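# Working through the structure, step by step
Listed here are the chains, written in short residue letters.
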Amino acid sequence: MSRHWEQLAGISLSKRRLPKDELEGLRLLAAAAADRGTALRFLVAEYLESVCRAWTDLPGSRQTTDPQDLKEVASAVIRAIGDATVALTEGYETAHRAAIRGEEATRREFVGDLLEGHTDLGRLAERAERFGLRLVGPHRVTVARAERAFEAGDDTTRYVEEALTTRFHTRDVLITTKDGLLVCVSPGAAPEVPDVFAAKVGTAVDEPYRIAVSRPRPGPSGIVRSYQEARSTLDLAALLGRTAPVVHASDLLVFQVLGRDRAAITDLVATVLGDLEGARGGPKALLDTLTAYFASGCLNTTTARRLGVSVRTVTYRLTRIRQLTGHDPTDPDQRYILQTAALGARLLNWPSRPLQPAE
């Protein structure tokens, strides 16, 4: 700082401003202090204290007795001190922002590796410790999707992260964003985390949203699988027209099993339900009745109430289903085939989307 004191001494005589290279030097000095971990308030306090001690030794203040000249000296020096303080603050804040960006980039890279599994699992566990996450034991992944994409650092993400990390230990939850989704990784031993996450998202989001909760799986590779399951559950819930804001992967497991062999389920739907297309008005009304019938525990009265039709209409439609398909929904031995085919039809979005037979 000796050069800076020389500059202040010269300004007390010339009454000029600090040169640009001096201000840049102060910025670099502050950046180095930031890298060492020195707090900005200590840096500025130390600088101002040094200036106060050097004030009486400035030649401009020692060589004049004229009040007006002394006033001009004080004005020039104070202006230089102000410029120097601003330069110190700018240098410090620039270094701080650069450090944050570097940390965010490192965190994004870690999150990508954690959720996509593109790195050595042992190394991943070591890196997880840096971000306060222990990968020991089973973990589940909860994801939220809204009309507007979630972004790292936005108000909603910060609110949910602060709420979760305040209630739970930082080693028990990781809140992040990935491909527009808000993601929560939590240990299987803390089953209440997804519910709290869902509640906080519901508080922060003022638009339609959906949340999917995976099943817990062990180890870093389990987190990858759980994340993929949560994402596919979001898509599946949308395809099935689920209206509940929170859906658990375990509740849609049968659809996931069916979807793993799309060719087989397509063939089943075409074989068992394809002849419903011969019904007057198309297959939709009969398929809706079949779905409601199974969801109602195979009770005609409950089915009629769900559909808003008469019991007689339900009975007629069930008869038509038997006539067209050759399978009787009221027969326990034939019911399973029809129910599986009806589930497959929902999975394939048939009859709204034509069936695509496998090659």
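Note that the structure is a prediction, hence the values are computed from the model and not measured. (Residues numbered from 1 in each chain as written. Predicted model: local features only at pLDDT ≥ 70, side-chain atom pairs only at ≥ 80, totals over all residues. Heavy atoms only, no water.)

### Examining the layout of surface pockets
Computed from the structure, the second largest pocket encloses a volume of approximately 300 Å³. Lining the second largest pocket we find 14 residues, and of these Leu287, Asp288, Thr291, Arg346 and Trp350 sit closest to its centre. Elements with a minimum of two residues in the lining of the second largest pocket: helix H9 (219-240), helix H12 (284-295) and helix H15 (332-347). The biggest single contributor to the lining of the second largest pocket is H12, with five residues. Class assignment for the residues of the lining of the second largest pocket results in eight nonpolar, three polar and three charged. (1 Å grid on protein atoms, 1.4 Å probe; cavity = no way out; pocket = protein on both sides within 12 Å on 5 of 7 lines; lining within 4 Å. Points joined across faces, edges and corners; volume = space filled by probe spheres on them. Helix = DSSP H or I, 4+ residues; strand = E, 2+ residues; numbered from the N terminus. Nonpolar A, V, L, I, M, F, W, Y, C, P; charged D, E, K, R; others polar.)

### Brief notes about the environment of Glu6
Relative to the assigned elements, Glu6 resides in helix H1 (residues 2-14). For the pair Glu6 and Leu58, spaced 52 residues apart in sequence, the C-alpha to C-alpha distance is 9.1 Å.

### Notes on the pattern of salt bridges
On inspection of all chains with the given rule, the structure shows 11 salt bridges. Of the charged contacts, one joins Arg231 and Asp179 as a salt bridge, the two residues approaching to 2.9 Å between their closest N and O atoms. Taken together, the positions of Arg231 in helix H9 and Asp179 in the loop between strand S2 (174-178) and strand S3 (181-187) put the pair 52 residues apart, joining distant regions of the chain. Judged by relative accessible area, Arg231 falls into the partly exposed class, the value being 26%. Here the salt bridges share partners, and the residues they tie into one network are Glu24, Arg27 and Glu90. (Salt bridge = Lys/Arg side-chain N within 4 Å of Asp/Glu carboxyl O. Buried < 20%, exposed > 50% of the residue type's maximum accessible area, 1.4 Å probe, protein only.)

### Overview of the pairing of S2
Summarising burial for S2: five of the five residues are buried, a large majority. Residues Leu174, Thr176 and Lys178 of S2 are buried on one face, and the alternating residues Ile175 and Thr177, pointing to the opposite face, are buried as well. The hairpin formed by S2 and S3 contains two residues between the paired strands, and Asp179 there has a positive phi angle of roughly 55 degrees. (Pairing = 2+ DSSP bridges.)

### Considering the nonpolar core
Counting 46 residues, the largest nonpolar core has Leu115, Val143, Val183 and Leu273 as the members making the most contacts within it. Broken down by element, this core gets its largest block of residues, seven residues, from H9. Sequence-distant contacts of Val183, defined by excluding residues within four places in its chain, comprise Leu115, Val141, Thr142, Val143, Leu174, Ile175, Thr176, Lys178 and Tyr227. (Core = buried A, V, L, I, M, F, W, Y, C linked by side-chain atoms within 4.5 Å. Contact = heavy atoms within 4.5 Å.)

### Here we look at the packing of aromatic side chains
This model, assessed by the stated rule, comprises one aromatic pair. Between Tyr293 and Phe294, the ring centres sit 5.8 Å apart and the planes meet at 55 degrees, which makes this aromatic pair tilted. Positioned above the aromatic ring of Phe42, the side-chain terminus of Arg41 is 4.7 Å from the ring centre. (Phe/Tyr/Trp six-rings, centres within 6.5 Å; stacked < 30°, edge-to-face > 60°. Lys NZ or Arg CZ within 6 Å of the ring centre and 35° of its normal.)

### Some thoughts on the environment of Leu348
Its location among the elements puts Leu348 in the segment after H15. With 79 residues separating them in the primary sequence, Leu348 and Val269 have C-alpha atoms 9.0 Å apart. In this structure Leu348 touches Arg262, Ile265, Thr266, Val269, Arg353 and Leu355, once residues within four positions along its chain are discounted.

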